[in-house]
Every structure is written in structure tokens, then in C-alpha cells.
Amino acid sequence: MTVNPALQRSLQTLADSILDTLVHRIGKDAQAALPHDWLAATILTVRNDIVERWMASTKAAHAAGAKRVYYLSLEFLIGRLLRDAVTNLQRSGEVSRALALHGVDLAALEEIEPDAALGNGGLGRLAACFMESMASLALPAYGYGIRYVNGMFRQRIDDGWQVEMPESWLAHGNPWEFERRESAYFIGFGGEVIATDSGQVHWSPAEAVEAMAVDTPVVGWRGEHVNTLRLWTARAFDPIKLDRFNAGDFSGALADQLRAETLTRVLYPNDSTAAGQELRLRQEYFFSSASIQDIVRRHIQYFGDIRTLPDKAAIQLNDTHPAVSVAELMRLLIDHHEFAFDEAWKITRATFGYTNHTLLPEALESWPLPLFERLLPRHMQIVYAINARLLREARGVTGIDDRAIAAISLIDEGGERRVRMANLAFAGSHSVNGVAALHTQLMKKTVFADLHRLYPTRINNKTNGITPRRWLQQCNPGLTTLIRDAIGDGFLDDAERLIDLDVFADDSAFRERFWAVKRSNKVALANHIKDSMGLRIDPDALFDVQIKRIHEYKRQLLNIIETVALYDQIRSHPERDWTPRVKLFAGKAASSYHNAKLVIKLANDVARRINSDPSVGGLLKVAFLPNYNVSLAEQIIPAADLSEQISTAGLEASGTGNMKFAMNGALTIGTLDGANIEIKDRVGDDNIFIFGMTADEVEVKRASGYDPRSVIDGSNELCQAVSAIASGVFSPDDRQRYAGLMGGLYEGDWFMLAADFDSYATAQRSVDTRWNDRDAWVASTVRNVARVGWFSSDRTIREYARDIWTVM
Ligand code: 26V
């Protein structure tokens, strides 16, 4: 290969500056440097380039007097950043060759970067995809959240059981972040509210902490625009009480600092109903107050007059976790800027938008009123005032009776009085959106039916999306190159151009290349599984994958039971032409969620038994991959053939994994739930395996008295599989282990596994049939890739920008 001398010089310059950073910033020379030192030096060097673009973006937005978008989210599941940054800067080749001059492998460095897991699942990953898309679309935006020292726990599997270990993503420092010591705010809690003679109200909190900003740059595609992710960390105003320290009370001297730091120490697990409630509410207020104060300060600094806030700021509430922001902005407007209630309310409503992400009743946040009042006495008064106004408005509308009034109220009066955060977010926003078409419909029909009657134009739909940079270009370079060779570069800027690939489904030479890319991704995953778990899987088998949080409504149990039924069938009919399958599972269960943890154990027990049974002759293998996170998803998804999206219809708001798999050439087996419906509409009925009841059918069946026992007894396959599990076939060491879990199916089966089982098993057999017709299979997968460009988060963000934020 001939080397261009100019290029050679610029590579040498980059290599020199990485070495210079290593020596002067990290304090190591090339001989002493460990991989983490090289990683830090590389990030710091690349960061220099980013910082310049960042400052330019900020200045341009300022000069244009642009409206800014503020995305408030208690979770950001950003994962690793190095590969994301260098790809978006289009510098991967260059950085990789410069490092090679030092004998360092960029890919190896990328692999040791910690995975920033400041979120639980879909909601947090959506926030991260949105941040990347907003930067790619050059939309001036800030993400606001909490800088948890310990994010999502690390999952170990011990003897098949999940064990939660603390994850310390900051152990080696974080070269991406910038502390902004000057951007710090007073956050008060408790105390009392005093009315002054002039009619003003004064809140005097009993305690206070300081919120300090820590900023991370978010690089858009092609590096043309860089936004800010601003995460708050808590510290004490008075980090050490010297008098106490000198008196020998060392821990007392540091107690305030410890208490403050505890606030931003850990991410709360969703699905957890456990203690820590008060700390969670404190976290929500802490980050909401800091963010709102920061937004108001910036607005006044740039535009002078707080009245124009809605013209220059759009604040999006990612679920109800930041909903107390509504009361906080009202407080600042009324108590600090001396607005009358009505004017403050107008500004507030025009500024906020609220996104709902789940209809599960246990996930609808509400706070015991005494707790809310004790921690936030002034906000409690404001909530009452908002409520009075809301209910006055409601009473004036015909058809709204006492029952509807009770449902609309911000206060739940049934039993212990509670503050309803969803109602507060709804009332305080001009837009309330769902995340897929069905979910939005159900919002109108169920949880928000009465609020919807009162404000019939407020609820709207914004179907979720995923960033194609991370979820195609970066995680699947083989497929990206193949697509590029076929249709050119256009899809990198506009994912909907993937449609040009559609005709290639009929091109047999292209299909062969497509198949080869998939196979090489499968070999890479098989190697990873062999190295990490010692399990050998056949890359020519069908890789059937279910990866997501473990939750009963997502029905991993349905998949496991069908696996057991298949195992049974293979053993009874060894003469049949079975399709070799590898069943892959990964996901975390909330630490307090007993049944979810038992499902993990069951997957592992089933895997152990099947994988060691010579009579299935390698036709079936099962693996539960530990510690599911963004980075593991990036490895698994490009290697998947079949994507399991099998929630009980009506319960999965959208799903976004479904989109990632389809974009990487896996076919979906799924219910008519969430975004699966819209995926089906786009890829076509022939290119997806749909089974089971619709949301309407689920509702009817529940209402008419569902009897799972008769369903189980009526299905041979299901009955045998359930009995085998219940009687301890897979748990010889504790035969009773799954008796309760299986008993739950007979006794209630809330998620209706039994009702959907036969239809699911039948769909799985049509998967086998399609798989055995390789041409038909690959043609379908090509059509999936070609037709799911619409699920780019760029499209989603454009819709938010146009309809909700009125920017762009
Ligand atoms: C929060 C809580 C709070 C405490 C009590 C239990 C509980 C349960 C769940 C949650 C949060 C769930 C919100 C969430 O992650 N929703 C997911 O959002 C994705 C992005 O819109 C969407 O694709 C998934 O379907 C939806 O489950």
C-alpha cells in the first residue's frame, strides 16, 4: 500500500499529541502506561477537537437567539462514548492508525471503556438516543439528569441466581466530563413557609444542599454540532465542621457531606417498591430544582425577561420523575419573580411537555401527601392551588361528574392521601405524548381518560426511535459497509434512504453477502460466549434472542416454557427435521422483584439441563448472558436472527429493542403491542411473525373471566412443559423451586401466557419453516433493514421539534 506523505505526517502529529497527553496529563510514559492510561489519553486528545466544536455550537445558538430544548430525565443510559465520538467525528480510521504507531489497538481501548449505565432500561436509553439525534439535527438542546456515582448494578450469575454488585463506572475517573463549579444552586428541603405582611410568601428550608453541574459533550453525526448533557452532583455547603473535628468527633464533622453525597449516590431500580422512597423524592426534587433554576438563570441572562420563557425554552419531562419541576417553576415565578398565579400558570403550561412511558399501574408515581408536605411545604401549597384551579375548570365542563373529578384531582383521596405526579405533569404541560400509536390510544382510553375529556387536544403520539449511528453504523460495521456498497452513503444522513435497499432482497448475490455478514457477526458472538461462559454454540444455528429488563409483562417465562416444550418435542421425535436453535437471554431484574429473579434462575436451570443433554444433539442450546447493558446489546443485536417481542398486548408502551433488531436484519416474533404494530405495518405481514391476542382481546378476556386452568389442561404441549417445570425436572436440587411460579399460571396468569401459548408455538414453527428456505429468510431480513429507517430517532425528534417544541 502506498502511503500518502501528508496523511502520514498528520497521523504522526495525532500520535504525538496522544503521547504528549499521556505524559503531561496522565503522568505516564509509553513504557509505563496501562491500557486505561492510553484510553484516557486518547479520550482527552479527541476531546480537544470536540470542545472547539462545542463552544462554536453554543456561541452560534446564542448569537441566533435560538429557542433551546431541555430534556429532563432521571435516567440516561449512554453506554460507552469513545466509539460514538470518533465515528460521529468521522475520525475512527485516523485515530486507529495513530494509535497503531504506538502499538496500541483502538478497538481494544474501546472495549475497556466503562459503560455509563445511568438508567434502568428503555426510558433511559431513549433519552440517550434523543440526545444524539438532537445533536445530529443541530438542535440546541441540554439534557439534565443526575450524576449517579453508582449507576445500574453489575449483574453476576452465581449458580444461576442473579447477584447484584455495585458498578463503579467512575473508578478510573471520567475523562469526558467537565465540572462546572460556578454553576451551583441552593436546594432546600423541609422547614416552614411564612406569609409576610406584604402578602408575599417566604419558604425557609430546614436543610439545604448544593447542586453542582458536571457537563459532558454530546457529539452529533459528522461532528457539526455538539450539545451538553448536564448532570448534577450534590455536595454540602459546609463540607467539614472544623469545631467538631477538632473536638474529636470526626464522623460528626463530615456527616453533612456524607448526607449530601448520598443524594446522588445511586440510581433507583425501577419496579422496586422497596424503601428509599424519601430519598427518591429528594433526588427528584434536587435535580428538578437545579435544572429549573439553571434554565431560568440562562433565560434571564440571554433574554432579560422571564415572560418570554415559553418562546425560548421548551422543557420536556421524561416521564413523571421530573414532574415536581412544574411546581418548582411556579414557585420561582410567584415567590421570586412576583407573578400572579394565573400569569405564572400560563408561562408554566406553555413551557412544559410531558412524555408518558408506561401504563402499568404500579409504575404510576404518587407520593404520600404527608411526606411531600414535610419535604416540600411550599410546593404542597402550590400543588393545592393548581388543583383548585384545575378542578374549577373541570366542574365547568358538561359530562364531568364526581367520579371524573376525583380521577382528575392531583390528590388521590382513596385511602391514604397521595400526590399524583402524572396528573401534575399532565395539568402543567401543553403537550402530553405517548411513545407508540397503540400506547397513545390506550392513554386516552384508560389512565388519562378523564383528563383527556377535559383537554381533548393535549394528548398526542410520538412513536419512539433509535439512533442509527449507534445501532447500525457503530455496532454493525460489516452491514454498514455492505449497505454502502449497494446504495451509497445517503442512508447515513437520512435513515429512510435505507428503502433503496428493498430491491436487493431479490438479488441473490446480495443476499449471499448479507448472509455472510450476519454469519461473521454470529461467529464473533459465539466466540464471546465461549470465552466468557465456556459454552460452545453453533454459528449456523438460528440465534433466537430475548434481551431486555426481566419483567412478567415482557413474558420471558413464555419463551422459556416454549423452549421446554420444544426440548420435549425434539426428544420425542428425534427423527424430525428440527431447526438448530440457540436461545439467548439477557436482562436484569430489580433486586426486590422476586418472580423476575426466579425467571432468571429458571432460564439458567433450563439451560444447564438442555445444554448437557446429548439426546438433543446440539439442536437446541440455551444461554443466559450475564450483565446485560448497552455494550452487550451492541454485540448481540448484530448477531441475532430472531427478535423476541412477546409482551402481553397493551402492556409494552413501545419497545425500542424491536427497532434495533429489525434494523440489523433480525426477524421479529411478536405480539400486536407497542411499536411492533407499526413495525409490522412498515415491513409487511410476510416479513414478521405476529401471534397472540390483540390488546382489545386481552381486555375482553379479562372482563369475561379468564380461566387459565382450562387453557393449560387443553394444551398438551403447554401442560407437559408446565408440569415438568413445576415438578422439579429442571431443579433436581430443589424440586419445589418453581411450584409457586407455575402455580401462579394456574391460579391467575395475569399476563396470559397460557392464552397465547399455542399461537406462539405455532408461530415458532413457521419461523422454522421460513429459516429452512434460506432465500426467503434472507429476503425478509433485507426487507426489514430496508423498511425500518422510519424508526430513526431523527424522525422522532423532528416530530417533537415541530409539534411540541415549535423549533425547526
Ligand atoms: C418506573 C417505576 C417506578 C417505581 C415503581 C415501578 C416502576 C416501573 C417502571 C418504571 C419505569 C418504566 C418506564 C419505562 O422504562 N418505560 C419504557 O419506556 C420505553 C421508552 O419509551 C418504552 O420503549 C418501553 O416500552 C417502556 O416500558
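Residues numbered from 1 in each chain as written. Predicted model: local features only at pLDDT ≥ 70, side-chain atom pairs only at ≥ 80, totals over all residues. Heavy atoms only, no water.

In the nomenclature of an unreviewed UniProt entry, the protein is known as Alpha-1,4 glucan phosphorylase of Sphingomonas aerolata. Of the comments in the UniProt record for the protein, the one headed Catalytic activity (unreviewed entry) reads "[(1->4)-alpha-D-glucosyl](n) + phosphate = [(1->4)-alpha-D-glucosyl](n-1) + alpha-D-glucose 1-phosphate". (UniProt positions renumbered as here; feature names shortened; annotations may be inferred.)

Colleague: Can you explain the packing of aromatic side chains? Please cite residues and give values.
Modeller: Taken as a whole, this structure holds 25 aromatic pairs when the rule is applied. Here Phe 130 and Tyr 800 contribute two aromatic rings whose centre-to-centre distance is 5.4 Å and whose plane-to-plane angle is 70°, an arrangement assigned as edge-to-face. With Phe 130 in helix α6 (residues 122-136) and Tyr 800 in helix α34 (residues 793-804), the pair connects residues that are 670 residues apart, well separated along the chain. An aromatic cluster is defined as three or more aromatic residues linked by ring pairs; in this entry it consists of Tyr 70, Tyr 142, Tyr 144, Tyr 185 and Trp 232. The positively charged end of Arg 298 is found above the aromatic ring belonging to Tyr 142, 4.0 Å away from the centroid. (Phe/Tyr/Trp six-rings, centres within 6.5 Å; stacked < 30°, edge-to-face > 60°. Helix = DSSP H or I, 4+ residues; strand = E, 2+ residues; numbered from the N terminus. Lys NZ or Arg CZ within 6 Å of the ring centre and 35° of its normal.)

Colleague: Explain the pattern of salt bridges to me, using residue names and the numbers behind them.
Modeller: All chains considered together, the criterion is met by 74 salt bridges. As a salt-bridge pair, Arg 259 and Glu 207 come within 3.3 Å of each other at their nearest N and O atoms. Of the two residues, Arg 259 is situated in helix α8 (residues 250-263) and Glu 207 in strand β10 (residues 207-219); the sequence distance between them amounts to 52 residues. Here Asp 544 ties to Lys 583 by a salt bridge, and the two come within 2.8 Å at their closest N and O atoms. Of this pair, Asp 544 sits in strand β19 (residues 542-547) while Lys 583 sits in strand β20 (residues 581-586); the two residues are 39 residues apart in sequence, bridging distant segments of the chain. Both residues of the pair, Asp 544 and Lys 583, belong to the buried class. Overlapping salt bridges bring together Asp 159, Lys 601, Asp 605, Arg 608, Asp 733, Asp 734 and Arg 737 as one network. (Salt bridge = Lys/Arg side-chain N within 4 Å of Asp/Glu carboxyl O. Buried < 20%, exposed > 50% of the residue type's maximum accessible area, 1.4 Å probe, protein only.)

Colleague: Outline the side chain of Asn 559, listing residues and values.
Modeller: Structurally, Asn 559 is set in helix α23 (residues 556-572). Overall, Asn 559 belongs to the buried group, its relative accessible area being 0%. Among the polar contacts made by the side chain of Asn 559, one reaches the side chain of Lys 583 at a distance of 2.7 Å. (Polar contact = N/O pair within 3.5 Å; in protein donor to acceptor, adjacent residues only side chain to side chain.)

Colleague: How would you sum up the site of the ligand? Please name residues and give values.
Modeller: In the neighbourhood of the ligand, 16 residues make up the surrounding shell, with His 357, Asn 464, Glu 652, Ser 654 and Gly 655 lying closest. One of the side-chain nitrogen or oxygen atoms of His 357 is found 2.6 Å away from an oxygen atom of the ligand. Ala 653 places a polar main-chain atom, nitrogen or oxygen, 3.4 Å from an oxygen atom of the ligand. For the ligand, the accessible surface in isolation is 600 Å², of which the surrounding protein chains cover 88%. When the residues that make up the shell around the ligand are grouped by side-chain class, the tally is 6 nonpolar, 7 polar and 3 charged. (Near = heavy atom within 4 Å. Areas by Shrake-Rupley, 256 points an atom, 1.4 Å probe, with all protein chains shown as cover. Nonpolar A, V, L, I, M, F, W, Y, C, P; charged D, E, K, R; others polar.)

Colleague: So what about the sheet that holds strand β22 (residues 642-645)? Which residues, and what values?
Modeller: In spatial order, the strands read β21-β20-β19-β22-β23-β24; together these 6 strands make up an open sheet with parallel pairing. Because the sheet does not close on itself, it has two edges, and the strands there are β21 (620-625) and β24 (689-690). Along the sheet, α23 makes contact with β19, β20, β21 and β22, crossing β20 at roughly 155°. Each of β19, β20, β22, β23 (667-670) and β24 is contacted by helix α32 (residues 753-772), which is oriented at about 125° to β20, the strand it contacts most. (Pairing = 2+ DSSP bridges. Contact = heavy atoms within 4.5 Å. Axes fitted to C-alpha atoms, helices over the stretch in contact; angles between N-to-C directions.)

Colleague: Could you give me a rundown of a nonpolar patch on the surface, with the residues and numbers involved?
Modeller: The grouping of Ile 240, Leu 242, Phe 245, Phe 250 and Leu 254 at the surface amounts to a nonpolar patch, some 440 Å² of accessible area in total. Counting only elements with at least two residues in the nonpolar patch, the list comes to α7 (242-246) and α8. In this structure Ile 240 comes out as partly exposed when scored by relative accessible area, which is 34%. (Patch = residues over 30% accessible without salt bridge, like charges linked within 9 Å, V, L, I, M, F, W, Y side chains within 5 Å.)

Colleague: Please give an account of the packing of helix α20 (residues 477-487) against helix α22 (residues 508-533) that cites residues and values.
Modeller: The interhelical angle for the contact between α20 and α22, taken along N-to-C directions, is 165°, at an axis separation of 9 Å. Between α20 and α22, the angle is such that the two are roughly antiparallel. Our pair here, α20 against α22, has a crossing hand that is right-handed. For the pair formed by α20 and α22, the contact residues are Gly 478, Leu 479, Leu 482 and Ala 486 on the first element and Phe 510, Arg 513, Phe 514 and Val 517 on the second. (Parallel < 35°, antiparallel > 145°, perpendicular 65-115°, else oblique. Left-handed = near helix turned anticlockwise from the far one by under 90°.)

Colleague: Summarise the sheet that holds strand β15 (residues 411-412); cite the residues concerned and give the values.
Modeller: The antiparallel open sheet is built from 3 strands, whose spatial order is β14-β16-β15. Both edges of this open sheet fall to β14 (366-368) and β15, since each of them pairs with a single strand only. Looking at chain direction, β14 and strand β16 (residues 418-420) are connected through 3 bridges and run antiparallel. In the strand pairing of β16, Trp 367 is matched with Val 419.

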